[in-house]
Amino acid sequence: MTRPLYVSIRDDIETRIRSGVLQPGDRLPVEHELMQAYACARMTVNKALSALVADGLIERRKKAGTFVRRPQLDAPVLDIPDIEAEATARGEAYRFELLSRHIRHEDGARLLHLSGLHHVGGRVLALEDRLIHLDAVPAAEAADFTYGSPGHWLLQQAPWTRGETRIGAEPAGPLRARQAGWDRDMACLVVWRQTWLNDRRVTQVTQHFDGAAYRVTAALNTSGAGRTRPTT
């Protein structure tokens, strides 16, 4: 059985994306150029591109064109994700850029206050603002977070027994836009989380994610058994 031409066009473009010939952020040829390249009608090209959009491989931007979509990182909403590990597992370059670090005192507790940027695949995925309670994790005071993710470090070093997560959305705004190099009106996915080790608070973190590059997922089952995991 002969395959429809639009399927062949779709598969050809996908192969170029998967092989790295077309990189995330690259602009695809306009429709009339694709019509010439594949010797087909506009409707056939449009059908192939629509299939690629549906599969999350490309995105169409009004008045700008069609671009290879940057891969989305998936975070399980009922777990505590490790951005660094997730990115490297996908084969993407990762680095953490520390913006500020200082000790503060609050209600008699010593807190390490960190802010920084998570860079994935050459762009800023998230802006992070974190407090680590030094009475619960004293080793954090001497840890070097210049390039390594604090969340990744905590996953390796500090256990937790209880956590709480809230998720919301808001525009980047002028301050975060300047810090991350985003458009101030860009939609951000906001994740606020805190964890405890028994009755001792371990960390509180607020992360603003590029809403087009990050999503949360949930897998549910009927077993409610909990277990202790590291914290991020």
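Residues numbered from 1 in each chain as written. Predicted model: local features only at pLDDT ≥ 70, side-chain atom pairs only at ≥ 80, totals over all residues. Heavy atoms only, no water.

Engineer: Which residues make up the overall build of the chain, and what are the values?
Structural biologist: Check the secondary structure of the chain and you find 6 helices and 12 strands. Burial analysis of the chain (232 residues in total) assigns 40% to the buried set. Long-range contacts, defined here as pairs at least 24 residues apart, represent 57% of the contacts in the chain between residues at least 6 apart. Entry remark: accessible area of the chain is about 12,900 Å², with carbon and sulfur atoms responsible for 50%. (Helix = DSSP H or I, 4+ residues; strand = E, 2+ residues; numbered from the N terminus. Buried < 20%, exposed > 50% of the residue type's maximum accessible area, 1.4 Å probe, protein only. Contact = heavy atoms within 4.5 Å. Areas by Shrake-Rupley, 256 points an atom, 1.4 Å probe, with all protein chains shown as cover.)

Engineer: Talk me through the sheet that holds strand β10 (residues 200-210); I want residue IDs and the actual numbers.
Structural biologist: As summarised here, the arrangement of the 6 strands in space is β4-β5-β6-β10-β9-β8, forming an open sheet in which the pairing is antiparallel. Two strands lie at the open edges of the sheet, namely β4 (94-106) and β8 (162-171), each paired on one side alone. Neighbour to neighbour, the strand axes of the sheet diverge by 15 degrees on average, direction disregarded. Note that β4 and strand β5 (residues 109-120) share 12 bridges and pair antiparallel. From the neighbouring strand, Glu 97 faces β5, where its bridge partner is Leu 117. Lying on the sheet, helix α5 (residues 150-157) is in contact with β4, β5, β6 (123-133) and β10; it crosses β6 at an angle near 50 degrees. (Pairing = 2+ DSSP bridges. Axes fitted to C-alpha atoms, helices over the stretch in contact; angles between N-to-C directions.)

Engineer: Residues and numbers for the pairing of β10, please.
Structural biologist: Taking burial as the measure, the 11 residues of β10 include 8 buried ones, the bulk of the element. Pairing of β6 with β10, which is carried by 7 bridges, proceeds in the antiparallel orientation. Across the sheet, the residue bridging to Leu 131 is Gln 204, located in β10. Counted between consecutive antiparallel strands, the loop separating strand β9 (residues 187-197) from β10 contains 2 residues, among which Asn 198 sits at a positive phi close to 55 degrees.

Engineer: Which residues make up the nonpolar core, and what values do they have?
Structural biologist: The biggest cluster of nonpolar side chains holds 15 residues, and the ones touching the most others in it are Ile 13, Ile 17, Leu 28, Leu 49 and Ile 58. Contributing elements (two or more residues each) for this core: α1 (5-18), α2 (31-38) and α3 (42-54). Tallying contributions element by element places α3 first for this core, with 4 residues. If you look at the next biggest cluster of nonpolar residues, it comprises 13 residues, including Leu 134, Ala 136, Ala 140 and Ala 143. (Core = buried A, V, L, I, M, F, W, Y, C linked by side-chain atoms within 4.5 Å.)

Engineer: If you had to explain the pattern of salt bridges to someone new, which residues and values would you point to?
Structural biologist: Oppositely charged side chains can pair when the atoms bearing their charge come close. Scanning all chains against the criterion turns up 13 salt bridges. Salt-bridge contacts for Asp 55 lead to Arg 10; the nearest nitrogen and oxygen are separated by 2.4 Å. Of this pair, Asp 55 sits in the loop between α3 and β1 (58-61) while Arg 10 sits in helix α1, placing them 45 residues apart in sequence. The class for Arg 10 is buried, based on a relative accessible area of 12%. Across the salt bridge formed by Glu 164 and Arg 166, the nearest N and O atoms sit 3.6 Å from each other. (Salt bridge = Lys/Arg side-chain N within 4 Å of Asp/Glu carboxyl O.)

Engineer: Can you explain the environment of Arg 104? Please cite residues and give values.
Structural biologist: Of note, Arg 104 is situated in strand β4. Owing to a relative accessible area of 28%, Arg 104 belongs among the partly exposed residues under this scheme. In the structure, Arg 104 is positioned 29 residues away from His 133 in sequence and 10.0 Å away in space, judged by C-alpha atoms. Every residue in contact with Arg 104, bar those within four places of it in the chain, is listed here: Ala 109, Arg 110, Leu 111, His 113 and Leu 131. A distance of 2.6 Å separates polar atoms of two side chains, one belonging to Arg 104 and the other to Glu 106. (Polar contact = N/O pair within 3.5 Å; in protein donor to acceptor, adjacent residues only side chain to side chain.)

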